[in-house]
Amino acid sequence: VYGTWQALEGLRAVGVAGTAPLITRGADWLAGCQQADGGWGESPESYADPSLAGIGPTTASQTAWAVAGLVAAGRAESRAVRRGVQWLLERQGADGAWEQREFTGTGFPKVFYLRYHYYPVYFPLLALARCSAAASAARGPVPMPEESRA
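Given the structure is predicted, the values throughout are model-derived calculations rather than measurements. The numbers attached to residues start from 1 for each chain and follow its sequence in the written order. Per-residue local features are limited, in this predicted model, to residues with pLDDT of at least 70; the limit for side-chain atom pairs, both in listing and counting, is 80 or more; totals at the level of whole chains, interfaces and linings are taken over all residues. Hydrogens and waters are ignored; side-chain quantities use all the structure's heavy atoms.

Enquirer: How should I be thinking about the overall build of the chain in this particular structure?
Expert: When its secondary structure is counted, the chain shows 5 helices and 2 strands. The N-to-C order of helical and strand elements in the chain reads α-α-α-α-β-β-α. In this scheme, a residue with accessible area under 20% of its type's maximum is buried, one over 50% is exposed, and one in between is partly exposed, where area comes from a 1.4 Å probe on protein chains only. A buried classification covers 37% of the 150 residues belonging to the chain. Of the contacts made within the chain by residues no fewer than 6 positions apart, 57% connect residues no fewer than 24 positions apart. Accessible areas in this description were obtained via Shrake-Rupley with a 1.4 Å probe; residue shielding takes into account the shown protein chains only. If you sum the accessible surface of the chain, you get close to 8600 Å²; carbon and sulfur atoms cover 58% of it. Starting at the N terminus, helices and strands are each numbered in turn, a helix being any DSSP run of H or I of at least four residues and a strand any DSSP run of E of at least two. Contacts were defined at the residue level, with two residues in contact if any of their heavy atoms lie within 4.5 Å.

Right under this line is the structure:
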């Protein structure tokens, strides 16, 4: 999930169109990995067994990566993104953070994995901000009232 998000972000950053086959393939893969609860998850076991890619307990950071990847691919208004955002919003704690016990950081694949304590804080915030920015861009500029144009 992480690698697909990063690839989509990078390809868009260098000007690859959202309709390019490699963008649509990555976005389709992310959307296809969405779980029934609306989130995304991937076990570190996917490094040893590629058939497990995109499969695992849903987590805040992995849901955020998938949502951000789909936004980068031009799918901010998709059902998958709406469900992912809903997953994040429903699970955000009173302190503004998300609980995540899973190890989603890769130290060395198949050797050790990391649990970065801020992953479930800043990645969801980043994804929600990107969704908000995409929605604002889709609406276009907000007209200023006449009295503010002086």
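Having seen the structure, we can now continue with the description.
Enquirer: Any chance you could explain the environment of Ala73 here in plain terms?
Expert: Relative to the helices and strands, Ala73 is located in the loop between α3 (60-72) and α4 (79-91). Owing to a relative accessible area of 6%, Ala73 belongs among the buried residues under this scheme. With 47 residues separating them along the chain, Ala73 and Gly26 place their C-alpha atoms 8.3 Å apart. Setting aside residues up to four positions removed in sequence, Ala73 forms contacts with Leu8, Arg12, Gly18, Ile23 and Ala27.

Enquirer: What's the story with the nonpolar core in this structure? I'm lost.
Expert: Burial of nonpolar side chains together is a common tendency in soluble globular proteins. As used here, the term nonpolar core means buried Ala, Val, Leu, Ile, Met, Phe, Trp, Tyr and Cys residues forming a set that is joined through side-chain atoms within 4.5 Å. By size, the foremost hydrophobic cluster in this structure holds 31 residues, and its most contacted members are Trp40, Val67, Leu70 and Val81. Elements represented by at least two residues in this core include exactly α1 (2-13), α2 (21-32), α3, α4 and α5 (119-139). Of all the elements, α3 adds the most residues to this core, at 9 residues. Residues within four places of Val67 in sequence aside, it is in contact with Trp40, Val81, Gly84, Val85, Ala127 and Cys131.

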